[in-house]
Amino acid sequence: MTEQEQPKPAKPKIPRQKMREQDPLERAHNFYEVALGYDNDLALLESSRCLKCKKPYCMAGCPVEVDIPDFISMVKAGDVLGASWKLKEKNSLPRIAGRVCPQESQCESKCVLNKKGKGEPCAIGRLERYVADWAAEHAEGKMPELPKPTGLKVGVVGSGPAGLTLAGALIKKGVAVTVFEALHELGGVLVYGIPEFRLPKAIVRSEIDELRQLGVEFKTNWVVGRIETVDDLLEKRKFDAVFIGTGAGAPLFLRIPGENLNGVYSANEYLTRSNLMKAYMFPEWDTPVAKGRRVVVFGGGNVAMDSARTALRLGAEEVTIVYRRTMDELPARSEEVHHAIEEGVKFQLLTAPQEILGKETGWAVGVKCQKMELGEPDDSGRRRPVPVAGAYFDIECDTVIVAIGNAANPLVPSTTKNLETNKWGNIVADLETGKTSKDRVWAGGDIVTGAATVILAMGAGRKSALSMLQTFGI
Amino acid sequence: MFEILAKERIGPGVNRAVISAPDIARAHKPGQFIILRTQENGERIPLTVADKDAEKGTITLVWQEVGVTTYYMGTMCPGDKLQDLCGPLGKPTHIEKFGTVVGVGGGIGVAPLYPITKGMHDAGNHVITILGARTEGLLIMTDDMKKVSDETLIATDDGSFGIHGFVTQVLQGLIDKGTKIDLCAAIGPVPMMRAVVKVTKAANIPTVVSLNPIMVDGTGMCGACRVEVGGKTMFGCVDGPEFDGFEVDFDLLMKRLAMYKGPELIALNKFRETPRGCECEIPGGTS
Ligand SMILES: Cc1cc2nc3c(=O)[nH]c(=O)nc-3n(C[C@H](O)[C@H](O)[C@H](O)COP(=O)(O)OP(=O)(O)OC[C@H]3O[C@@H](n4cnc5c(N)ncnc54)[C@H](O)[C@@H]3O)c2cc1C
Ligand SMILES: Cc1cc2nc3c(=O)[nH]c(=O)nc-3n(C[C@H](O)[C@H](O)[C@H](O)COP(=O)(O)OP(=O)(O)OC[C@H]3O[C@@H](n4cnc5c(N)ncnc54)[C@H](O)[C@@H]3O)c2cc1C
Ligand code: SF4
Ligand code: FES
């Protein structure tokens, strides 16, 4: 169809509304949130774009099946608080999901407005964020009615999005919940991994406080497998069931020479120092982190983007992402790649690190790299990067961040009897119910799927909660 | 919050405190450590559990003042509380009846050596401990150690107490005398552990060392505590902290321990200018 043949729309089309953002040059040097969200007018305008489709494809793209057209039409009608309750029926952490979900590849990719060709889907994620923030600011203290306690109690290992979602779903059905967390702060990757400028800690804390007000009990500094095992929780503490949501917290390294030099970090360490331990406030806060001048990041996912953007904010003059494939294959959320580019992160694509070069003192001074090109597609359907013979070059740097993924932490599986794991060490669990090989034990989130997304972890928490409730006969 | 029930200075810049931590006291086994944070903006630092009383629900920590956190802890008083105490962490020491076990402790390393020695002694081993320090005033916990050892040998670099010399010389002396040693456990400054391993390796005596890499989470999540053992990268917090001394790359460990020298000095200077904590003690004082 050519331009001319296309029927003219009856009324002028409203374009997808942009979110206000901090100026890239300014924000590259502070830790305040980058995206500032919609104001009431923008939200109203954006909500009016939704067609309230009879067959809402968007919902099929949402792993927790939020009633998208319903909540959007409530925004349109001015009932923002109602919209927030609608959201929370399915998503207990909407302020978080509204910020970090890969909406463009989930709900928004299925939106009918998108299908109509122009690629401008309704900004579902931005509306979700607006609604949940509005409710948090305006509806303080309003709690849903809780049913009578059932006398049942469930132990949750890990306070990431999977564990928190399960806790929320169970407490609302009168099941007592205790969450055990190894770190001193609750939230899992949401607080130690994802940086403040993308997901402010205060927001995670407010969502958790809501759960606490509902009666969820939290125990921090509590490493399951060391203080007590999962079997102890079931037998000694008499929990009726246990949910394992320990995440994918063991950093992978490339196993190339020089990886233990000073200045070489796993993304987890780098981000934990900066985020959880607030190294960007050093020396007001005690934990230091190497403030590199020239920083190289290995990897192309959200974790790599977060590391690179954190390095900029810590004062690096040059930050380079080294990735084996091309821009098209970057696994990170497109919005974050876009933000990184705006802020000045460089991309060295089709490049694989071979060795980290060091000096006598033990500090890294550079990375030896190999040029790659794309060959035939591999099992994942992506074209496989293959080395270009003899094409090596060095990048000078003082800090290297390895962001190539995480594996399962073996602590809980290795201390739990009869819990089946697969060859990568992930816990084997039914994806529909979260049931594991062990009686009364459910599992979900990254510990089952390997490193995935917040919303999938939440989906797993929700499914496990439903399955537990069914088992309990509630 | 974890209350400090008792605290005393047991040497220059060395403190011992008994802290209320019932869950940890119940679960702790020799060789394990905790990670603590003194206050909200504090750093997470690892310390070995030097002793415990499961019934009273207390653990004992012994620490040397080297930087902000340990200096600050030096100013804390009974009644003060630590913000966080996470543990027990790390693999427990493998304890069984080996025969004759020699424990070598240097400086502050005597504290972490104590529960291991006690465990080995309780398991029926003949335990010989060799304790060393630069000078008499720096020796700690010698009486505690004597109680859990069959023989205790003490050496000081300057000869101010016990044998004049290094712990390695004393160890070599035992070997030369023909003492049959089935296992050696060495804890102390990295150069000391390296020197001990040199001696035991030559005599083919299996040796475990307890490593003290810089840590953040202590649960295997961050990889800060990387050490090379037998050419392989291991995580000190979950694979250790004890390792086969013959296989450890001590040079790498020393370099990694120096990684934050610059920032640590900045932090310490700032702390000295505006000390936090109780005013009854001067931070960094040696009284
Ligand atoms: C830097 C980074 C950026 C990311 N960005 C995004 C993004 O933009 N969008 C997105 O959708 N996803 C993102 N992800 C992925 C997402 O954060 C994870 O998929 C999600 O957090 C997994 O949730 P979970 O509940 O399974 O586990 P986690 O969030 O990993 O939480 C597990 C918790 O369990 C605790 N734990 C572990 N072992 C024990 C034990 N033995 N005892 C007690 N507690 C224990 C851990 O300390 C942790 O707090 C990102 C991940 C990282 C690392
Ligand atoms: C498993 C384990 C058990 C430990 N047990 C004890 C113990 O029982 N008693 C005790 O006094 N210390 C122990 N340590 C060492 C202790 O953790 C450090 O002394 C402490 O972290 C220093 O913190 P800081 O803030 O006071 O000093 P920082 O400002 O962090 O450091 C000051 C100086 O100490 C050095 N340093 C930093 N971290 C360590 C470390 N982990 N080991 C050695 N030197 C370090 C630095 O290189 C620097 O020169 C243990 C360490 C580990 C890993
Ligand atoms: S598919 Fe798009 S337009 Fe249709 S209901 Fe969902 S968000 Fe609205
Ligand atoms: S301290 Fe983080 S992995 Fe060991």
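Given the structure is predicted, the values throughout are model-derived calculations rather than measurements. (Residues numbered from 1 in each chain as written. Chains lettered and ligands numbered in written order. Predicted model: local features only at pLDDT ≥ 70, side-chain atom pairs only at ≥ 80, totals over all residues. Heavy atoms only, no water.)

Of all residues in chain B, 96% attain a pLDDT of 70 or more, and the chain-wide mean is 91. Confidence metrics for the complex model read pTM 0.92 and ipTM 0.91. (pLDDT = per-residue confidence, 0-100.)

Residues and elements named next belong to chain A. With antiparallel pairing, three strands are arranged side by side in an open sheet as β12-β13-β14. At either end of the open sheet lies a strand with only one pairing partner, and these are β12 (351-358) and β14 (383-396). The average angle at which neighbouring strand axes cross in this sheet is 20 degrees, direction not considered. Of the pairings in the sheet, the one linking β12 to strand β13 (residues 364-377) comprises seven bridges and is antiparallel in character. Residue Glu 355 lies in a different strand from β13, and its bridge partner there is Lys 368. (Pairing = 2+ DSSP bridges. Helix = DSSP H or I, 4+ residues; strand = E, 2+ residues; numbered from the N terminus. Axes fitted to C-alpha atoms, helices over the stretch in contact; angles between N-to-C directions.)

Turning next to the sheet that holds strand β4 (residues 45-53) of chain B. Residue and element names in this part refer to chain B. The sheet built from seven strands is open, its strands ordered β6-β1-β2-β5-β4-β3-β7 with antiparallel pairing. At either margin of the open sheet sits one strand with a lone partner, and together these are β6 (81-82) and β7 (84-89). Where strand β2 (residues 14-20) and strand β5 (residues 58-64) come together, seven bridges link them in antiparallel fashion. Bridge assignment links Ala 17 to a residue of β5, and that residue is Leu 61. Strand contacts of helix α3 (residues 110-122): β4 and β5, with the helix running at about 40 degrees to β4, the strand carrying the most contacts. (Contact = heavy atoms within 4.5 Å.)

Facing the 46 residues of chain B at the interface are 42 residues of chain A. Counting each side, the surface lost to burial between chain B and chain A is near 3,600 Å², with a carbon and sulfur contribution of 53%. If you sort the residues of chain B by the area they bury against chain A, Met221(B), Arg226(B) and Met259(B) come out on top, with a joint share of 18%. In this structure, the connection of chain B to chain A is made through one salt bridge. Residue Arg26(B) pairs with Glu228(A) through a salt bridge whose shortest N-O separation is 3.4 Å. Counting every contact that joins chain B to chain A gives 21 residue pairs in polar contact (both at pLDDT 80 or more). (Buried area = accessible area lost by both parts, 1.4 Å probe. Salt bridge = Lys/Arg side-chain N within 4 Å of Asp/Glu carboxyl O. Polar contact = N/O pair within 3.5 Å; in protein donor to acceptor, adjacent residues only side chain to side chain.)

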